[in-house]
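Below are the chains, spelled out letter by letter.
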Amino acid sequence: MKNKFDKINTSRLKTMLKNDDLVEESLKVLMKNLVIDISKIKKHLQNKEYAKISELCHKMKVSIHFISLDNIENEVNQLGKKDNNLDEAKIIKYTQKVIQEIDKVLK
């Protein structure tokens with residue numbers, strides 16, 4: 001798929017959907033949600049609202065998996081755990097990496 005989604009590996013999504021016609025529509029929904037979620041995460045990081053970051057990362061896990069952002073899947077999974085036991089420095093580090101990598105895909 002060559003277009004605005006050319007930075008995204010769609011193989012997992014195609015396998016799940018088994019219908020290429022639904023892939024672009026599904027990507028549009030996933031990307032729209034990621035734009036909203038990453039905007040919220042940036043705000044929560046600035047306000048040191050780490051529990052809210054955790055909630056959003058938990059919600060984003062499936063999207064991250066289906067668009068094959070494997071390089072941040074671990075961080076999203078760690079942040080998204082209800083009792084993640086991460087110290088503030090790790091939360092900030094992981095969150096910054098998630099923001100950076102998602103911003104690359106959204107541009």
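My aim in this report is to walk through the structure given alongside it, one point at a time.

Reading the values: rules and limits
Residues numbered from 1 in each chain as written. Predicted model: local features only at pLDDT ≥ 70, side-chain atom pairs only at ≥ 80, totals over all residues. Heavy atoms only, no water. Helix = DSSP H or I, 4+ residues; strand = E, 2+ residues; numbered from the N terminus. Buried < 20%, exposed > 50% of the residue type's maximum accessible area, 1.4 Å probe, protein only. Contact = heavy atoms within 4.5 Å. Areas by Shrake-Rupley, 256 points an atom, 1.4 Å probe, with all protein chains shown as cover. Salt bridge = Lys/Arg side-chain N within 4 Å of Asp/Glu carboxyl O. Core = buried A, V, L, I, M, F, W, Y, C linked by side-chain atoms within 4.5 Å.

### Some thoughts on the overall build of the chain
Each helix and strand in the chain was counted, giving five helices and zero strands. In the chain, the succession of helices and strands from N to C terminus is α-α-α-α-α. The proportion of buried residues among the 107 residues of the chain is 39%. Taking all contacts inside the chain whose residues are at least 6 apart in sequence as the whole, residues at least 24 apart take part in 53%. Carbon together with sulfur atoms contributes 49% to the accessible area of the chain, which is approximately 6600 Å² in total.

### Examining the pattern of salt bridges
Where charged atoms from two side chains of opposite charge come close, those side chains can pair. Counted by the stated rule, this structure contains five salt bridges. One salt bridge in this structure joins D37 and K59, with 2.8 Å as the shortest N-O distance. Of the two residues, D37 sits in helix α2 (residues 20–46) while K59 sits in helix α3 (residues 50–66), which places them 22 residues apart along the sequence. The partner of E49 in a salt bridge is K52, with the nearest N and O atoms 3.8 Å apart. The class for E49 is partly exposed, based on a relative accessible area of 25%. Using a relative accessible area of 39% as the deciding quantity, one classes K52 as partly exposed.

### Some thoughts on the environment of N9
Looking at where N9 falls in the secondary structure, it is placed in the segment before α1 (11–17). Here the alpha-carbon distance between N9 and S68, two residues 59 residues apart in the chain, equals 5.7 Å.

### A few points about the environment of R12
You can see R12 is positioned in helix α1. In this structure R12 comes out as partly exposed when scored by relative accessible area, which is 26%. Each C-alpha atom of the pair R12 and H65 lies 7.9 Å from the other, and the pair is 53 residues apart in sequence. For R12, the contacting residues outside a window of four places in its chain are H65, F66, S68, D70 and E73.

### A look at the nonpolar core
Of all hydrophobic cores here, the largest spans 29 residues; its most connected members are I64, I67, V98 and I102. Residue assignment for this core shows that the elements contributing at least two residues are α2, α3, α4 (70–80) and α5 (88–106). Among all residues touching V98, those that are not within four sequence positions of it are I38, M60, I72, E75, V76 and L79.

### A closer look at unusual backbone geometry
Positioned with a positive phi, S68 is a non-glycine residue whose angle comes to about 55°. Mapped onto the secondary structure, S68 falls in the loop between α3 and α4. Exposure remark for S68: the relative accessible area of 15% places this residue in the buried category. The phi dihedral of N85 is positive, around 55°, even though this residue is not glycine. Inspection of the secondary structure assignment puts N85 in the loop between α4 and α5.

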